[in-house]
Amino acid sequence: MNAIIGLMGEVSPNINLPGDYYKAKKLVSKLGLSSTKIDCCEKSCMLYHKDDAALEACKFCGLSRFKKVTNAKAKKVPIKRMHYLPIIPRLKRLYVSLSSAPHMRWHYKNRRAPSVLCHPSDGEAGKHFDRMYPDFANKPRNIRLGLCANGFTPFSVSAAPYSCWPIFVTPYNLPPEMCMTSPYLFLTSIVPDPSNPKSLIDVYLQSLIDELKLLWHEGVDTSDVSTKQNFKLRAALMWSINDFSANGILSGWSTAGRLACSCCIEDTKAFTLKHGGKNTWFDCHRRFLPMDHGFRRNNSAFMKNRIDYDEPPTILSGEKIWERVKNLPKVTESPLLKLPGYGVVHNWTKQSIFWELLIGSIIFFDITWMSCILKRTSLIIYFIL
């Protein structure tokens, strides 16, 4: 890093750059955008923070927190550690900078006609949220957030397998041309494990959930540089952005097996192939078409000699889903075990940590499960084309 800084200084001598890495780090630290180091269990069972910060072994699997050392006076080194970047300081900075503060009320001031959709706030999910929580919606500086979590392989195919899982949070108050640009995609953490975290991803989301609960229930004092006013900043997590498999990891409803569809749940038409033994969802889409659609009467292009006039399954609300999952265990409170009836009558693997936000009146899963309607529509369009 010192060599790069020196090279940049030689190429651009008129730019005032820090002399070395230490001075650059000291300069950036004044911005208040620090990171928090949190020790983790080697098997991702728990985090050593809050009430568990003093533990030296995992309370679930019993593995040691620190590496073995021969010298008794040597500093203890944790086996695994994650870096968490707090989201609250970065949200507050959106109102400190003149480049972003005037735009943080765009979603409130630029309402579109009911038939026009150019921003997430124009969608039915955003309008439903406004109707449910008018106190939050009437304060345009309150922030609506989206969360993105997905895995990718950062190395080539020939390299050792490694699954990297970053967690992003992005504000949706901004105009469409700013919403998904890199300055406003806030990286909160990267799961420190070379393998897929699966349902244990909740362990690494605890710090983020704590901040989101604080932003919803209490808020934080913030200054708006564009209006020169102090106000109480609140935020709500509105929806998630992920693919089908990551949606199963976050929600707790597994997207594997015969009951994989999170729209149909147990009311699925999936079946097992007689000779191959694999699950198939062939001819499960006709129930979502209009009743007068020609495909419903077609008995040759789909399942032979079968017409379909069944109605689509009922989309469950967040309250109804909560009744189903409220007694399920959390991976942050107990070891992850296979639940009775899994794969037969349900596909629940856990009580997702995001349900803590639903208890706090944030309708995360109402919105998430509403998004399944979009998946359903795209599925219908695929079969029609």
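Residues numbered from 1 in each chain as written. Predicted model: local features only at pLDDT ≥ 70, side-chain atom pairs only at ≥ 80, totals over all residues. Heavy atoms only, no water.

S.K.: I tried to follow the environment of N150 on my own but got confused; where do I start?
M.R.: Counting through the fold element by element, N150 comes out in the loop between β4 (143-149) and β5 (165-171). The spatial distance from the C-alpha of N150 to the C-alpha of V69 is 36 Å, given a sequence separation of 81 residues. Those residues in contact with N150 that sit more than four places away from it in its chain are C164, W165, P166, D243 and A246. (Helix = DSSP H or I, 4+ residues; strand = E, 2+ residues; numbered from the N terminus. Contact = heavy atoms within 4.5 Å.)

S.K.: I tried to follow the nonpolar core on my own but got confused; where do I start?
M.R.: Soluble globular proteins: nonpolar side chains tend toward being buried together. In this structure, L91, I143, L147, L205, L208 and F354 are the most contacted members of the largest nonpolar core, which totals 54 residues. I265, L316, V325 and L328 belong to the second-largest nonpolar core, a separate cluster that totals 10 residues. (Core = buried A, V, L, I, M, F, W, Y, C linked by side-chain atoms within 4.5 Å. Buried < 20%, exposed > 50% of the residue type's maximum accessible area, 1.4 Å probe, protein only.)

S.K.: When you look at the environment of M82 in this model, what are you seeing that I'm missing?
M.R.: Assignment of secondary structure puts M82 in strand β3 (residues 80-84). Once the C-alpha coordinates of M82 and S189 are considered, the two residues, 107 residues apart in sequence, prove to be 7.5 Å apart. Aside from chain neighbours lying at most four places away, what touches M82 is T36, K37, I38, C40, L47, S189, P192 and Y204.

S.K.: Can you walk me through the packing of aromatic side chains in this structure?
M.R.: Aromatic ring pairs: the centre-centre distance and the angle between the two ring planes describe each pair. Across all of its chains, the model carries 10 aromatic pairs by this definition. Within the aromatic cluster, the residues linked to one another by ring pairs are F129, Y133, F136 and W216. For R141, the ring lying beneath its charged end belongs to F231, and the centroid distance is 4.3 Å. Between R234 and the ring centre of W216, over which it is positioned, the NZ or CZ distance is 4.8 Å. (Phe/Tyr/Trp six-rings, centres within 6.5 Å; stacked < 30°, edge-to-face > 60°. Lys NZ or Arg CZ within 6 Å of the ring centre and 35° of its normal.)

S.K.: Explain the pairing of β4 to me, please; I cannot follow it from the model alone.
M.R.: Within a regular strand, side chains alternate between the sheet's two faces. Most of β4 is tucked away: six of the seven residues are buried. Both β4 and strand β9 (residues 235-241) contribute to a ladder of six bridges, which runs parallel. Bridging across to β9, L147 finds its partner in S240. Where β4 lies against β5, five bridges are found, and the strand directions are antiparallel. Note that in β5 the partner of L145 across the bridge is P171. (Pairing = 2+ DSSP bridges.)

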